[in-house]
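Structural overview for review
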Amino acid sequence: MEDKIAIIEGPPPTFKVSNEQWILGLNESPKLENIVVTHLRTFNGPALVERCYRAWSKGQSIHLEFRASGGYLCNAPIAAARYVETGEGHVLLLWVRLKLEDMEFIGDVEAGGDSKPGDDFDQPDLL
């Protein structure tokens, strides 16, 4: 059974291609996939990160479920997760795998950058 983290309200997430070197270690196949990062506001970041870790420790995958700007339901496998505490609550950082054709379909993927909370992200989405 695959687990998921679903965005239940707010606009579609904004993704940014991650240029961090450690991302290369997440590729588990000879075919390179684009790993992008998104920042999402949440009420309980530690619990969501723990859900990811539990799924991975059992050898299962976990997906981010969201609606694209066209209203289509999308799923992206989560490759890494962490959270940070801010003055306004928790921000969940998710690195997800997107294929090139999915990136074109979603249309909300920006090039370049790293994953520091607040960098080039206006408002995180609410989980």
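Please refer to the structure higher up on the page.
A short tour of the structure in this document, coming up. (Residues numbered from 1 in each chain as written. Predicted model: local features only at pLDDT ≥ 70, side-chain atom pairs only at ≥ 80, totals over all residues. Heavy atoms only, no water.)

A closer look at the overall build of the protein chain
When helices and strands are tallied, the protein chain shows 2 helices and 8 strands. Reading the protein chain from its N terminus to its C terminus gives the helix and strand order β-β-β-α-β-β-β-α-β-β. Sorting the 127 residues of the protein chain into buried and exposed places 41% on the buried side. Summarising the internal contacts of the protein chain: among those between residues at least 6 apart in sequence, 69% fall at separations of at least 24. (Helix = DSSP H or I, 4+ residues; strand = E, 2+ residues; numbered from the N terminus. Buried < 20%, exposed > 50% of the residue type's maximum accessible area, 1.4 Å probe, protein only. Contact = heavy atoms within 4.5 Å.)

A look at the pattern of salt bridges
Tallied over the entire structure, the rule returns 2 salt bridges. The partner of Arg-51 in a salt bridge is Asp-3, with the nearest N and O atoms 3.2 Å apart. Placement of Arg-51 in helix H1 (residues 45-57) and of Asp-3 in strand E1 (residues 3-6) is noted, with a sequence separation of 48 residues between them. Since its relative accessible area comes to 24%, Arg-51 is described here as partly exposed. (Salt bridge = Lys/Arg side-chain N within 4 Å of Asp/Glu carboxyl O.)

With respect to the environment of Pro-46
Among the structural elements, Pro-46 can be located in helix H1. Note on Pro-46: relative accessible area 31%, which makes it partly exposed. Considering only alpha carbons, one finds Pro-46 and Glu-85, 39 residues apart in sequence, at a separation of 9.8 Å. If near-sequence neighbours (up to four positions away) are discounted, Pro-46 is found in contact with Tyr-83 and His-90.

Let's talk about H1
Between its first and last C-alpha atoms H1 spans 18 Å; for 13 residues at 1.5 Å apiece the expected length is 18 Å, and the two agree. Buried within H1 we find Gly-45, Leu-48, Val-49, Cys-52 and Ala-55. Buried residues along H1 cover an arc of 120° about the axis, so they all sit on one side. Of the surrounding secondary structure, the elements contacted by the buried residues of H1 are E1, strand E3 (34-42), strand E4 (62-67), strand E5 (73-86) and strand E6 (89-98). Measuring from the backbone nitrogen of Ala-47 back to the side-chain oxygen at the start of H1 gives 3.2 Å, which picks out Asn-44 as the cap. Gly-59 sits one or two positions beyond H1 and adopts a positive phi of about 80°. (Expected span 1.5 Å × (residues − 1). Arc of directions from axis to C-beta. Polar contact = N/O pair within 3.5 Å; in protein donor to acceptor, adjacent residues only side chain to side chain.)

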